[in-house]
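# Close look at the chain arrangement
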Amino acid sequence: MNTQKLPVGAWLVAICSAIFLLAGCGKGEDGEAGSDSTGPKRMAVVVSTLNNPWFVVLAETARDRAIELGYEATIFDSQNDPSKESVHFDNLIASGYDAVLFNCTDAEGSIANVRRAKKADIPVFCMDREITANDVAVSQILSDNYSGCVALGEYFVETVGESGEYAELLGIIADTNTWNRSKGFHSVVDRFPGLKMVAQQSADFDRAKALEVMESILQANPNIKAVFCGNDAMAMGAYQALLAAGKAKQVKVFGFDGADDVVRSIAEGKITATGMQFPKRMARTSAESAHAYINGKRDFDQRTLVAVELVTKENVSKFGDFGRK
Amino acid sequence: MSYLSSKFVRWGGSVALLAILWLVLPPFRIVSLDENGKLPSNGKGDAAFDAGEFADRFWEETLVSSMDSATPLSDLLEAIDADLASAKRSYGEQKGEGAPVYFYAGGEGTVVEIKGRRATLQAHGARVNLLIAPPVFGNTVRDGTGLLSVNELPGLEEFNAVSAALNKKVELEVMSVLKDSLSQGVKVRFVGCSKVPEALSDGANLEFTPLRVEIAE
């Protein structure tokens, strides 16, 4: 018998389509979360990036708490790419997840994804990063970045002094955390006219980019006394650049996050200060909120702020493992 | 000739149609970036949010009427003297786990020292500091009374902008009253908020940011 073989690509398309359709079968026509069959309910943890230890802790704690509460949980890494995040939402909606614990890539761009999930009756709980809409996520557990950076700003003035040149490394421009941190810091530092910001550039919360940006800032501004970085990954990148330039002792580095390597560096006198966020607390609270929602609770505050604590050489012994010891 | 004119009509019509489509359904929109180089908000109604106006309204409609019911300073200091932790539980304002605790209190005290931006007052057998000159930093004014929630604002940026506006109001409208009128021995009456430290050891005083202050008779 003469048979005709289908090309490999066609088979792949057919198999993928079948998987996609089968995955969507768990969802009822009325959009009700579809894990009410025999298996355990499922939570998706969608995180902006796993290329930063702080977000790894956030995502893994959320996943682990969900598992403790009796769910199956899967982490989706958006790799700081809104289009990848969008694909993750396509998949988790089609797969009928029961809740999403969400750390967004873009405060405004990510709203559409949350809206699609809401339309499919999948509740979304934002962690750490805000989306700038009040009617799509069930709740948002957010760091009080502004207050944390006010405290950092005050310590900056105390340690750097009331005059001199400094630089600022901003995070991702589309993330409201970037601006809440920067504004909190400047609400203090800008009141001292002797402190002059000679460079302000984005390094996208990324260590390698921060190293490059800091190198170029140092070439143009050799007299800076300090650098304020919008997160700890950038603080470590900036410190590496300063070390390579032989200026690690001359320039004070301030970070934000409370990452373990920076807390250790504060103890060793390499970094001056950071703001300790509490990723584990935010992740656990988000998972517990999702669990409460699935069990019928509906009265959630849209936003809940989690305090940030200043970490300096004076109190660094109290901190570690992404929180208070 | 007719061929040319019909060709002209076709081309002209197409161009006109495209122009109309371009005007009615533009493929892009030009918007101004804000002071941070960021795109303005996406239509959730906060583009026109005026933090100063919100702060004025909050001050007049909510804060002023609450001042007479702030914790009496004498009660607060007595409670702190007994035990700071239980004073926090009884009189503190706190929003959520790990958040700072604030006291919202009012009373009288006598100036015993003025140092920089601070006056130290002797009050009910204890000493408290009163911030008497700019700058005012942080969220003590916004959060200290417990009367304003982040969920009353469109988002965090707006919430933080309100904090800055309230601080400015204290600097311009409250502290200015004190200009050159304070000296040792002067008695002042105030209502204010204080961010509570973890401990009050080594002679540290509570520090109040005033919401209302006047020289007592």
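Whatever comes next refers back to the structure up there.
All figures in this text were calculated on a predicted structure; none of them were measured in a lab.

### What about the overall build of chain B?
- Each helix and strand counted, chain B has 6 helices and 7 strands in total.
- Counting over 217 residues, chain B shows a buried share of 40%.
- Intrachain contacts of chain B at a sequence separation of at least 6 include 68% that bridge at least 24 residues.
- Approximately 12,100 Å² of chain B is accessible, and the part contributed by carbon and sulfur atoms is 55%.

### A closer look at the sheet that holds strand β3 (residues 99-102) of chain A
All names here are of chain A.
- The strand order β2-β1-β3-β4-β5-β11 describes an open sheet built from 6 strands, whose pairing is parallel. In the strand order of this sheet, the two ends are held by β2 (72-77) and β11 (303-306), each with one partner. The mean inter-strand angle of the sheet, taken between neighbouring strand axes irrespective of direction, is 15 degrees.
- Across the sheet, helix α3 (residues 82-94) lies against β1 (42-47), β2, β3 and β4 (124-128), angled at about 175 degrees from β1, the strand it touches most.

### Some points on unusual backbone geometry
Residues and elements named next belong to chain B.
- A cis amide bond links P134 with the next residue in sequence, P135, at an omega value of 0 degrees.
- Residue position: P135 is located in the loop between β5 (126-131) and α5 (140-144).
- A positive phi angle is found at H124, which is not glycine, with a value near 50 degrees.
- Relative to the elements of secondary structure, H124 occurs in the loop between β4 (118-123) and β5.

### Some thoughts on the interface of chain A and chain B
- Of the residues lining the interface, 30 residues belong to chain A; the matching set on chain B comes to 34 residues.
- Taken over both partners, the interface formed by chain A and chain B buries close to 2,500 Å², and the fraction arising from carbon and sulfur atoms is 49%.
- Here chain A is connected to chain B by 2 salt bridges.
- Among the salt bridges present, the one from E171 of chain B reaches R191 of chain A, with a minimum N-O distance of 2.9 Å.
- Counting every contact that joins chain A to chain B gives 7 residue pairs in polar contact (both at pLDDT 80 or more).
- Going through the elements one at a time, β5 (139-143), α5 (145-160), α6 (176-189) and β11 of chain A are the ones with two or more residues in the side of chain A that touches chain B.
- At 6 residues, the largest contribution of residues to the side of chain A that touches chain B is made by α6 of chain A.
- Tallied by class, the residues present in the side of chain A that touches chain B amount to 11 nonpolar, 8 polar and 11 charged.

### Observations regarding the state of the cysteines
All names here are of chain A.
- Taken as a whole and assessed by the stated rule, the structure comprises 0 disulfides over all chains.
- Looking at the unpaired C104, the closest cysteine sulfur is the one in C126, lying at 6.3 Å.
- There is no disulfide at C229, and the cysteine sulfur nearest it, in C149, is 11 Å away.
- Classification of C229 as buried rests on a relative accessible area of 0%.

Basis of the calculations
- Along every chain, residues carry numbers that run from 1 in the direction the sequence is written.
- All chains are assigned letters beginning with A, and all ligands numbers beginning with 1, in the order in which they are written.
- Owing to the predicted nature of the model, reporting of local features is limited to residues with pLDDT of at least 70; listing and counting of side-chain atom pairs is limited to 80 or more, with chain, interface and lining totals taken over all residues.
- Water and hydrogen atoms play no part in the side-chain values, which are based on all heavy atoms of the structure.
- Under the scheme used here, helices are H or I runs from DSSP no shorter than 4 residues and strands are E runs no shorter than 2 residues, and both carry numbers assigned from the N terminus.
- Exposure is judged per residue with a 1.4 Å probe applied to protein chains only, and the accessible area is read against the type maximum: over 50% gives exposed, under 20% gives buried, and values in between give partly exposed.
- Two residues form a contact once any of their heavy atoms are found within 4.5 Å.
- The method behind every accessible area is Shrake-Rupley, applied with a 1.4 Å probe, and residues are considered shielded solely by the protein chains displayed.
- We treat two strands as partners when DSSP finds at least two bridges between them.
- Axis geometry follows a simple rule: fit a line to the C-alpha atoms, using only the stretch in contact for helices, then measure angles between N-to-C directions, giving values from 0 to 180 degrees.
- Using a 1.4 Å probe, buried area is obtained as the accessible area two parts lose upon being combined, added over both of them.
- For this analysis, a salt bridge means a side-chain nitrogen from Lys or Arg found within 4 Å of a carboxyl oxygen belonging to Asp or Glu.
- What qualifies as a polar contact is a pair of N or O atoms within 3.5 Å, subject to a donor-acceptor requirement within protein and to the restriction that residues adjacent in sequence count only when both atoms come from side chains.
- Gly is put with the polar residues, along with every residue not named as nonpolar or charged; the nonpolar set is Ala, Val, Leu, Ile, Met, Phe, Trp, Tyr, Cys and Pro, and the charged set is Asp, Glu, Lys and Arg.
- The term disulfide is used for any two cysteine sulfur atoms that are within 2.5 Å.

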